[in-house]
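Examining the three-dimensional arrangement
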Amino acid sequence: MHSPCVARCGLNADDYCMGCFRHIDEIVIWSQASDEQKKQICDKLADRKQQFSGDGNSQTLSRAKWLEAEKRIKR
C-alpha cells in the first residue's frame, strides 16, 4: 500500500500532519505497519481532513518530534 504522504508535512498542535492527516505516531510506524494497519490508518484520513479543515499547515515536521514519537512507540 502506498503512503498517503503528499509532501506537505506540517504538524498541528496535536501532532497531526496537515498534509496527509496522519498522527506523527502513524507516520513513524508506516514502513513497519502491516497492510491491515495501513488500511486502518487510511480509513481515518477523510474524517480527519474534514475535522481539521481550516487549520493551518506550519510545514514543519521537526526531527525532535520524530525522535520523541519513535521513543514512545518502541517502549
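Quantities reported herein were computed from a predicted structural model and do not represent experimental measurements.

**Overview of unusual backbone geometry**
The backbone phi angle of Asp 15 is positive, close to 70°, even though this residue is not glycine. Looking at the element boundaries, Asp 15 is found in the segment before α1 (24-29). You can call Asp 15 buried: its relative accessible area is 15%. Of note in the backbone geometry, Phe 21 takes a positive phi value of approximately 70° without being a glycine. Of note, Phe 21 is situated in the segment before α1. Taking the relative accessible area as the measure of exposure, Phe 21 reaches 12% and is therefore buried.

**Concerning the pattern of salt bridges**
One pass over the structure, following the stated rule, counts three salt bridges. For Arg 48, the salt bridge is made with Glu 26, and the minimal N-O distance between the two is 2.6 Å. With a gap of 22 residues between them, Arg 48 in helix α2 (residues 35-51) and Glu 26 in helix α1 connect regions that are remote in the sequence. Look at Arg 48 and you get buried, because its relative accessible area is 11%. For Lys 39, the salt bridge goes to Asp 43, with nearest N and O atoms at 2.9 Å. Taken together, the positions of Lys 39 and Asp 43, both in helix α2 and four residues apart, correspond to about one turn of that helix. Residue class for Lys 39 comes out partly exposed when judged on its relative accessible area of 41%.

**So, the packing of aromatic side chains**
Counted by the stated rule, this structure contains two aromatic pairs. Ring centres 6.5 Å apart and planes at 10° place the aromatic pair Phe 21 and Phe 52 in the stacked group. Taken as a pair, Phe 21 in the segment before α1 and Phe 52 in the loop between α2 and α3 (63-73) lie far apart in primary sequence, 31 residues in all. Like Phe 52, Phe 21 is buried. Aromatic rings pair up to connect Tyr 16, Phe 21 and Phe 52 into one cluster. For the cation-ring pair, Arg 22 lies above Trp 30, with the distance from its terminal atom to the ring centre recorded as 5.1 Å.

What counts and what doesn't
- Throughout this description, residue numbers start from 1 for each chain and increase along the sequence as written.
- This being a predicted model, a pLDDT of at least 70 is required before a residue's local features are given, and a value of 80 or more before pairs of side-chain atoms are given or counted; all residues contribute to the totals for chains, interfaces and linings.
- As a rule here, side-chain values cover all heavy atoms of the structure and leave hydrogens and water aside.
- Think of it this way: any DSSP run of H or I at least four residues long counts as a helix, any run of E at least two long counts as a strand, and we number them from the N terminus.
- We call a residue buried when its accessible area falls under 20% of the maximum for its residue type, exposed when it is over 50%, and partly exposed in between, using a 1.4 Å probe and counting protein chains only.
- Salt bridge, as used here: a side-chain nitrogen of Lys or Arg that lies within 4 Å of a carboxyl oxygen of Asp or Glu.
- Two rings belonging to Phe, Tyr or Trp (six-membered ring only in the last case) form a pair when the distance between their centres is within 6.5 Å. Interplanar angles under 30 degrees mark stacking, angles over 60 mark edge-to-face geometry, and anything in between is tilted.
- For a ring to carry a charge above it, either NZ of a lysine or CZ of an arginine must fall within 6 Å of the ring centroid while also lying within 35 degrees of the normal to the ring plane.

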